[in-house]
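Residues per chain are reported as follows:
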Amino acid sequence: MQTQEVLIKPNVKVFMKADAEMLDEVIVVAYGTAKKESLTGSISVVDSKKIEKRITTSVTGALEGSAPGVQVNNTYGEPGKAPSIRIRGFGTLVSGASDPLFIVDGVPFDGNIAELNSNDIESMSILKDAASAALYGNRAANGVVLITTKSGRGSDKPSITLQINQGIYNRGISEYERLGADQWMEASWKAMKNYAMTGSLGLGESDAAAYATKNIITGYARRNIYDAADDALFDANGNLIANKLSGYDDLDWAKDIERNGYRQEYNLSASSSGDKLSVYSSVGYLNEKGYVIASGYERFSGRVNSTYTPNKWIKAGLNLSGSTTKRDYNDNATGEYYANPFYITRYMAPVYPLFMHNADGSYALDELGNKQYDVTSSYLSNRNIAYELRNNKEESRRNVLGGQAFVTVNLPYDFSVTVKGDLNNSTSNNTKYDNPKIGDGATNNGRLTSYAYQYTNYTMQQLINWKHSYKNMHNVDVMLGHENYSWERKYTSGMNTGMAVDGNLTMGNFLTNSFFNGSDDEYKTESYLARARYNYDERYFAEASFRRDGSSRFHPDNRWGNFFSVGASWNIKREAFMQDIDWIDHLKFRASYGEVGNDAGVNYYGYMALYTIDKNGGEAALLKKSLSAPDIKWETTQTLDFALEGRLFDRLNFQIGYFDKRSKDLLFEVRLPLSAGSYPWVDTDNGAPMNLTQYKNIGTVSNRGGEIALDADAINTRDWKWNIGLD
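Fair warning: this is a prediction, and the values are worked out from it, not measured in the lab. (Residues numbered from 1 in each chain as written. Predicted model: local features only at pLDDT ≥ 70, side-chain atom pairs only at ≥ 80, totals over all residues. Heavy atoms only, no water.)

### Considerations on the environment of Ile126
Okay, so step 1: In this fold, Ile126 is placed in strand β8 (residues 121-127).
Okay, so step 2: Given the relative accessible area of 0%, Ile126 is considered buried.
Okay, so step 3: Each C-alpha atom of the pair Ile126 and Asn384 lies 44 Å from the other, and the pair is 258 residues apart in sequence.
Okay, so step 4: Setting aside chain neighbours within four positions, we find Ile126 in contact with Ser42, Ile43, Ser44, Val46, Leu63, Val70, Ile87 and Val144. (Helix = DSSP H or I, 4+ residues; strand = E, 2+ residues; numbered from the N terminus. Buried < 20%, exposed > 50% of the residue type's maximum accessible area, 1.4 Å probe, protein only. Contact = heavy atoms within 4.5 Å.)

Right under this line is the structure:
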């Protein structure tokens, strides 16, 4: 803000004015903070004001349309499902290994991002290039999203905020317009006639028309919902001459399984800040019913962030957070599956009713007078998505508890030491029930599958910082650090069949065991990092960083990878020759190059020869499932980045940039042919046949392109502000 002088009066009213030459906004970067003006890499920031404007279950939904080069895909809007995020394209060959690294309050986050309460988030920084993300070298190849939670602010007296959100929503993009029953029948008649004329039958036009009329029901549609016989529905020209029976008003399958979604959210937070102690605390409740039946998400969350500064030498903090969630979902809502409601309803012929009908078209009711879903017709393959959504169940329950403690000691000669520890424990219990009437559970009188996960991970950091300024012209900032990360998972799963008592969805109510298995996994990394930053007179900025990572996924001989970045920026507006150009408020050019790594392309034991454990004749049997791969190494992503950014006429902000992102030594699981000695085996989790595999570094991927971000203050008065943005 600009410095102003005002006269001293009993009542003084001051209107603050922005100063484009004092761009001192501080944003969160890797292992610290920096002035926005000093950045040499590509970083986009979404602050709490922008987050508050988005009513979203997952805080990352606020990134949608907020930053160039960032793609956010919310799939079909399933409640509680975190959106997938791609930063500057795909950089790996392996599905699931293209997600960015999430950092929450300085440490890696491995849970469901939807479990974070958006109301607790202060800001998000998206590190898009290698220069800005290199200090997270081992997992930063797909970009980094830094999430900072709120801290105490204000005065000693706590400020209390209650936020209530209520809303109704539905499908964002409507289904395609489709033929009605009569139109579909006439189009099908023409298709059958053409087939009879041009296909193997080779009939004349009149004979082909008669053939179509006679066979349209028995040979194709297989359902007659009209008031005439199967072979008397059309005239000689293919015009439908029968009328639809009045009882068939249940032909719209999408209408039956979709509804208006309803979302309610309540957040209560308190914040205070004094000379020595600042505290932020919150509790929240979210309940969301999806616009597809049998989908929903419920979340209870709580957080306490505290910072204690007893004197100028010591600053310490303790953060605690927890959440419990329940999610109802449909894991098969993709692909060409009977359980995919979107696929089934889109391609369902408009002459197939949802419910059973009598010969006169009226509903065939059960003994209680209720409609009965049609689960017996052969043209539906004895399936009915509307019935299955209401009678099957997929549920996930998660409980998460996390804690973080840190202490910073300020030493003489501008040195400081920070030690931070973060511990997170979570449990996830997933249940899948298939009803005994139709579908996957019909052959064994219903089945119940249970999956139990327990996760424990911790991060330890030790950082040394030195920051010094010489004559307010030469500014130096150096950081050295060490970090180790540990992740462990315990997993068990089992399936029982043969339900004894209807409605009791516990494993003990299913009498026959189909399988029971489990595993323990662990993953560890060790890292050493360094960064040096320099600026001269807030005009010329330079930055270099280095990180050396070791991953337990690689053989000890190839475990360590080195990653680095260099960058520079030039604040052109600070130059003397720019001072008289009033319509340019800010102008900066930056360039950077860096290399970061990725080890997510292999499993936790990628370099080892692995065996699957089975039994043969009651005895233990080991089947080799993968060959050892001691030579595999890190994927490496190299990024070159240029950009020009500024502000014109005290109204228009712009950023124009170019990037070239290339990933090499891509990790891929190569399936070996049976002729190479491969032995086929079956995955016990999904029943998929598998061949012997071996991990290798093969292939490269290149992403290059330009980024443009524009926003203008169309109206900027004391009472009304209107900003228009485009990227």
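### A short note on the pattern of salt bridges
Okay, so step 1: One pass over the full model with this rule turns up 43 salt bridges.
Okay, so step 2: In this structure, the salt-bridge partner of Arg447 is Asp440, at a minimum N-O distance of 3.8 Å.
Okay, so step 3: Between Arg590 and Asp641 there is a salt bridge, with its nearest N and O atoms 2.7 Å apart. Placement of the pair is Arg590 in strand β22 (residues 584-598) and Asp641 in strand β25 (residues 635-648), with a sequence separation of 51 residues. Just as Arg590 is buried, Asp641 falls in that class too. (Salt bridge = Lys/Arg side-chain N within 4 Å of Asp/Glu carboxyl O.)

### Some details on the packing of helix α3 (residues 181-198) against helix α4 (residues 205-215)
Okay, so step 1: Relative orientation of the contacting elements α3 and α4 amounts to 130°, with a least axis distance of 8 Å. Of the possible angle classes, the one that applies to α3 and α4 is oblique. Relative to α4, the crossing made by α3 is right-handed. Here α3 contributes Trp189, Met192, Lys193, Tyr195, Ala196 and Met197 to the contact with α4, which in turn contributes Glu205, Ala208, Ala209, Tyr211, Ala212, Thr213 and Asn215.
Okay, so step 2: Class assignment of the residues belonging to the contact of α3 with α4 gives a composition of 9 nonpolar, 2 polar and 2 charged. (Axes fitted to C-alpha atoms, helices over the stretch in contact; angles between N-to-C directions. Parallel < 35°, antiparallel > 145°, perpendicular 65-115°, else oblique. Left-handed = near helix turned anticlockwise from the far one by under 90°. Nonpolar A, V, L, I, M, F, W, Y, C, P; charged D, E, K, R; others polar.)

### Let's talk about the pairing of strand β17 (residues 447-470)
Okay, so step 1: Of the strand pairs in this sheet, strand β16 (residues 415-434) and β17 are connected by 20 bridges, and their pairing is antiparallel. Note on β17: the bridge partner recorded for Phe415 is Trp466.
Okay, so step 2: Strand direction decides the pairing type here: β17 and strand β18 (residues 474-499), joined by 24 bridges, are antiparallel. Residue pairing across strands places Met460 opposite Asn484, the latter belonging to β18.
Okay, so step 3: Hairpin connection between β17 and β18: a loop of 3 residues separates the two successive antiparallel strands, and Lys471 in this loop has a positive phi of roughly 55°. (Pairing = 2+ DSSP bridges.)

### A few points about the environment of Glu394
Okay, so step 1: In this structure, Glu394 sits in strand β15 (residues 393-411).
Okay, so step 2: When its relative accessible area of 11% is taken as the criterion, Glu394 is described as buried.
Okay, so step 3: Between the alpha carbons of Glu394 and Ala294 there is a distance of 8.7 Å; along the sequence they are 100 residues apart.
Okay, so step 4: If we skip the residues at most four places from it in the chain, Glu394 touches Arg327, Asp328, Tyr329, Asn330, Asp331, Asn332, Thr431 and Lys432.

### Structural notes on the sheet that holds strand β6 (residues 101-104)
Okay, so step 1: In space, the 5 strands of this open sheet follow the order β3-β8-β9-β6-β7, with mixed pairing throughout. The open sheet has two edge strands, β3 (43-47) and β7 (107-108), and neither has a second partner.
Okay, so step 2: With 6 bridges joining them, β8 and strand β9 (residues 144-149) adopt antiparallel strand pairing. Pairing of Leu127 across the sheet is with Val144, part of β9.

### A closer look at the packing of aromatic side chains
Okay, so step 1: Taken as a whole and judged by the stated rule, the model has 25 aromatic pairs.
Okay, so step 2: Considering the side-chain rings of Phe564 and Tyr593, the 6.1 Å spacing of their centres and the 50° angle between planes classify their relative orientation as tilted. Here Tyr593 lies in strand β22 and Phe564 lies in strand β21 (residues 560-571), a separation of 29 residues in the sequence.
Okay, so step 3: Classification of Phe564 as partly exposed rests on a relative accessible area of 30%.
Okay, so step 4: Consider the rings of Trp583 and Phe649, whose centres lie 5.6 Å apart with planes at 25°: the pair is stacked. Remark: Phe649 occurs in the loop between β25 and β26 (652-664) and Trp583 occurs in the loop between β21 and β22; sequence separation between them is 66 residues.
Okay, so step 5: These aromatic residues form a ring-pair network of at least three members: Tyr453, Tyr455, Tyr485, Trp487, Tyr491, Tyr523 and Tyr604.
Okay, so step 6: Its end group placed over the ring of Tyr329, Arg327 keeps NZ or CZ at 4.3 Å from the ring centre.
Okay, so step 7: The residue whose ring lies beneath Arg553 is Tyr523, and the NZ or CZ to ring-centre distance is 4.2 Å. (Phe/Tyr/Trp six-rings, centres within 6.5 Å; stacked < 30°, edge-to-face > 60°. Lys NZ or Arg CZ within 6 Å of the ring centre and 35° of its normal.)

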